[in-house]
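Structural overview for review
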Amino acid sequence: MSWRDTSAIRLLPGFNQEKRFKAHYLKPNPLLRITCHIGGVSMKPIRTYSVLPFLLLSIPSLSNAGVIEWKGPVNGAFSDASNWQGGVTPKSGDTAVFNTGGASPYTVTFNDSDATTIESVEVRNDQLTIENSFAIEKNLTIGGTGGENTSLTFNNGQILFQDNPSGHNPPLTSIKSSAGGSSEMVMNHSQLSWVNLAVEMEGKSSSIVMKDHSGIEGLYLQQRGEASLVVDNSSLSLSSAFYQDDGVALFTNGAYAGLSDSFIGGKFTAEGPDTRIYHGGYLSAGGELTYRDGAYAQAGMLAGGGTINIDGAGSQLEFNSIGLYDPYSPIEFSGEVNVTNGGVFGDLSTTGYSSGWVSGHMKVNLSNGSFGAQFIDNNGTISGHGQMVGELKNKEGGRIESKGGSLALNGNYTQDSASVLSITIGDWMLSDDTAALAIDGTAALDGFVTVQLEDAFKPKLGDAFNLLSATSIVGEFSDFSFPGLSGGMGWAWEIIAGADYETLVLKVVANQVPVPEPGTLALFGLSASLILLRRRKPA
């Protein structure tokens, strides 16, 4: 599925939205609106409905238009008038309120054979479960005002939101907790849908939990005030954007998200091999984003200054043809990307055209992870051990750090005079012939190379370390810094040319000149008596 496929939603098996509702809902006639004045009070306009092609008008009675409250915390059918204050069942244009104040949970059942339409639903201070389907013209509100614990559990049905009859504002689902209280909506095998539906969550104890192939389809979702969202084996499809000011969002167990844009300011986690997140054309990562255990995500442009974690085989965040991989739209991200245990940042394919920028203060940390693009411009930092795919240009003060293992590059490597290659040597290099920077391509060298030791690692006389290998090495580093050695030992380097690769090797040798103190620097060049520069051809 393309990242642009943001309108898809997984409806329930056999769930035919049009079949269930279209035959039942009356179409409002926009040409006729009646305003009533009773006792000097102007009542809300009453809509009329066209029922037949020839003139048949139906005007709801005044007794049916208003706020109607459920009697008490007892189970019952929505259509049973005896369950409602005043003995009147809410209809189109009414607001159904569940605010009994009782501590006991209860269930209200809708009859799927009837098409029930009401203007709004408010759950204020109750633990309510709703079974089956109905339609809302305006708003669904969940939350108390005085520290109450409020919850709505919706089972095995669909809430279909309709056009807002009072204006251009979209229908709204609001979950808001008051101080000391909580507000929660739990969806089990259920759907909330309408093209212009807006969902807003606010408050530390406000939450939406979607389970068992549930779905929300609408315009946007806004998460703020430390609210939480859980999408478990369910789907979220938004034609506008996902806004997370803060709080926590978890997509798990085969969850799906199809978004137009994503603005992440809190904690966003996607996990599991069947979980798919399509962030849309613009991903602003200002919080902490984690993709783990095989979760896949895709976006266009990457911006923000937060932290991105990609962990585990099969876990990947890649980018399409715009944004990060568009040379005319450079990356604006200035945070850290941690790619570990087989995770992938970018695209490891070698077809098409793609470019990646690691720029400014951005840092990519690899620990057995991979970073891929056909062309990678680096003037930030790429650090660790793992795999890179692409033509890598280390330029304009960029820094490549190889430590803890080999950093492999499938492509050519170019380093300019202002940039740095930093290599941390340790025990692993004595048992592995792979170079610290292993390039499957050519290496054009300039600028700085620095060498440091892993903690507690002590080189011995005769030790050799493969710093860099490539199919061919051209140019040379202008400066070389390395740690001082004691015991009459020094450093020497040479380029050994094999049948397929040339390797830059650093050796520990007996020193013939005074040894620098530990931590001091020496510069490589023809005048440095400490340094041996040789190129040995294969026999």
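Residues numbered from 1 in each chain as written. Predicted model: local features only at pLDDT ≥ 70, side-chain atom pairs only at ≥ 80, totals over all residues. Heavy atoms only, no water.

1. Remarks on the overall build of the chain
The secondary structure content of the chain amounts to 2 helices and 53 strands. Counting over 539 residues, the chain shows a buried share of 52%. Considering only intrachain contacts with a sequence separation of at least 6, the fraction spanning at least 24 residues in the chain is 50%. Summed over all atoms, the accessible surface of the chain reaches about 22800 Å², with 51% contributed by carbon and sulfur. (Helix = DSSP H or I, 4+ residues; strand = E, 2+ residues; numbered from the N terminus. Buried < 20%, exposed > 50% of the residue type's maximum accessible area, 1.4 Å probe, protein only. Contact = heavy atoms within 4.5 Å. Areas by Shrake-Rupley, 256 points an atom, 1.4 Å probe, with all protein chains shown as cover.)

2. As for the packing of aromatic side chains
Scanning all chains against the criterion turns up 21 aromatic pairs. Pairing Phe 242 with Phe 268 gives two aromatic rings, centres 6.0 Å apart and planes at 75 degrees, and the pair type is edge-to-face. Highlighted residues: Phe 242 in strand 24 (residues 235–244) and Phe 268 in strand 28 (residues 267–271), separated in sequence by 26 residues. With a centroid separation of 5.8 Å and an interplanar angle of 40 degrees, the aromatic rings of Phe 263 and Tyr 282 are classed as tilted. Taken as a pair, Phe 263 in strand 27 (residues 261–264) and Tyr 282 in strand 30 (residues 282–285) lie far apart in primary sequence, 19 residues in all. Judged by its relative accessible area of 31%, Phe 263 falls in the partly exposed class. Taken together, the ring pairs connect Trp 70, Phe 78, Trp 84, Phe 98, Tyr 106, Phe 110, Phe 134 and Phe 154 into an aromatic cluster. (Phe/Tyr/Trp six-rings, centres within 6.5 Å; stacked < 30°, edge-to-face > 60°.)

3. Regarding the environment of Glu 271
Mapping Glu 271 onto the fold places it in strand 28. Assessed through its relative accessible area of 18%, Glu 271 is described here as buried. If near-sequence neighbours (up to four positions away) are discounted, Glu 271 is found in contact with Leu 250, Phe 251, Thr 252, Asn 253, Arg 292, Asp 293 and Ala 295. There is a polar contact of 2.8 Å between the side chain of Glu 271 and the side chain of Arg 292. (Polar contact = N/O pair within 3.5 Å; in protein donor to acceptor, adjacent residues only side chain to side chain.)

4. Quick look at the nonpolar core
Phe 251 and Phe 345 are the most contacted members of the largest nonpolar core, which has 108 residues in total. The leading source of residues in this core is strand 40 (residues 363–378), at 5 residues. (Core = buried A, V, L, I, M, F, W, Y, C linked by side-chain atoms within 4.5 Å.)

5. Comments concerning unusual backbone geometry
Of note in the backbone geometry, Asp 212 takes a positive phi value of approximately 55 degrees without being a glycine. With respect to the helices, strands and loops of the structure, Asp 212 is situated in the loop between strand 21 (206–211) and strand 22 (215–224). Asp 212 sits in the partly exposed class, given a relative accessible area of 41%. Even without a glycine there, the phi angle at Asn 253 is positive, about 55 degrees.

6. Some thoughts on the pattern of salt bridges
Scanning all chains against the criterion turns up 9 salt bridges. Here Asp 377 ties to Lys 395 by a salt bridge, and the two come within 3.5 Å at their closest N and O atoms. Of this pair, Asp 377 sits in strand 40 while Lys 395 sits in the loop between strand 41 (381–394) and strand 42 (399–410), and the two are 18 residues apart along the sequence. Lys 507 serves as the salt-bridge partner of Glu 494, at 2.6 Å between the closest nitrogen and oxygen. Of this pair, Glu 494 sits in strand 51 (residues 489–497) while Lys 507 sits in strand 52 (residues 502–510); the two residues are 13 residues apart in sequence, bridging distant segments of the chain. (Salt bridge = Lys/Arg side-chain N within 4 Å of Asp/Glu carboxyl O.)

7. A few points about the pairing of strand 44 (residues 420–425)
Across the 6 residues that make up strand 44, a large majority, 6, are buried. Alternating positions in strand 44 separate into two faces, Val 420, Ser 422 and Thr 424 on one and Leu 421, Ile 423 and Ile 425 on the other, with burial throughout. Here strand 42 runs beside strand 44; their pairing, made up of 4 bridges, is parallel. For Glu 401, the partnering residue across the bridge sits in strand 44 and is Ser 422. Note: strand 44 against strand 47 (residues 448–453), 6 bridges, orientation parallel. Bridge assignment links Ser 422 to a residue of strand 47, and that residue is Thr 450. (Pairing = 2+ DSSP bridges.)

8. So, the side chain of Gln 316
Structurally, Gln 316 can be placed in strand 35 (residues 316–319). By relative accessible area, Gln 316 is classed as buried at 17%. Within the structure, the side chain of Gln 316 is placed 2.8 Å from the backbone oxygen of Gly 346, a separation counted as a polar contact.

9. A short note on the confidence of the model for the chain
Per-residue confidence for the chain gives a mean pLDDT of 81, with 77% of residues at or over 70. Low confidence marks residues 322–330, where pLDDT is under 50. Its contacts with residues over four positions away, or in another chain, come to 33 contacts. Counted against residues more than four places away or in other chains, residues 513–539, with its pLDDT under 50, gives 50 contacts. (pLDDT = per-residue confidence, 0-100.)

10. Quick word on the environment of Gly 287
With respect to the helices and strands, the residue Gly 287 is situated in the loop between strand 30 and strand 31 (288–292). Setting aside residues up to four positions removed in sequence, Gly 287 forms contacts with Ile 264, Gly 265, Gly 266, Gly 306 and Thr 307.

11. What to know about the environment of Thr 503
For Thr 503, the location among the structural elements is in strand 52. Classification of Thr 503 as buried rests on a relative accessible area of 16%.

12. Here we look at the pairing of strand 16 (residues 158–161)
Covered by surrounding structure in strand 16 are Gln 158 and Leu 160 together with Ile 159 and Phe 161, the residues of both alternating faces. With 3 bridges connecting them, strand 13 (residues 134–136) and strand 16 associate as parallel partners. Within strand 16, the residue paired with Ala 135 across the bridge is Leu 160. Inspection of the sheet shows strand 16 paired to strand 19 (residues 191–193) by 3 bridges, in the parallel sense. Looking at the pairing, Leu 160 lines up with Ser 193 of strand 19.

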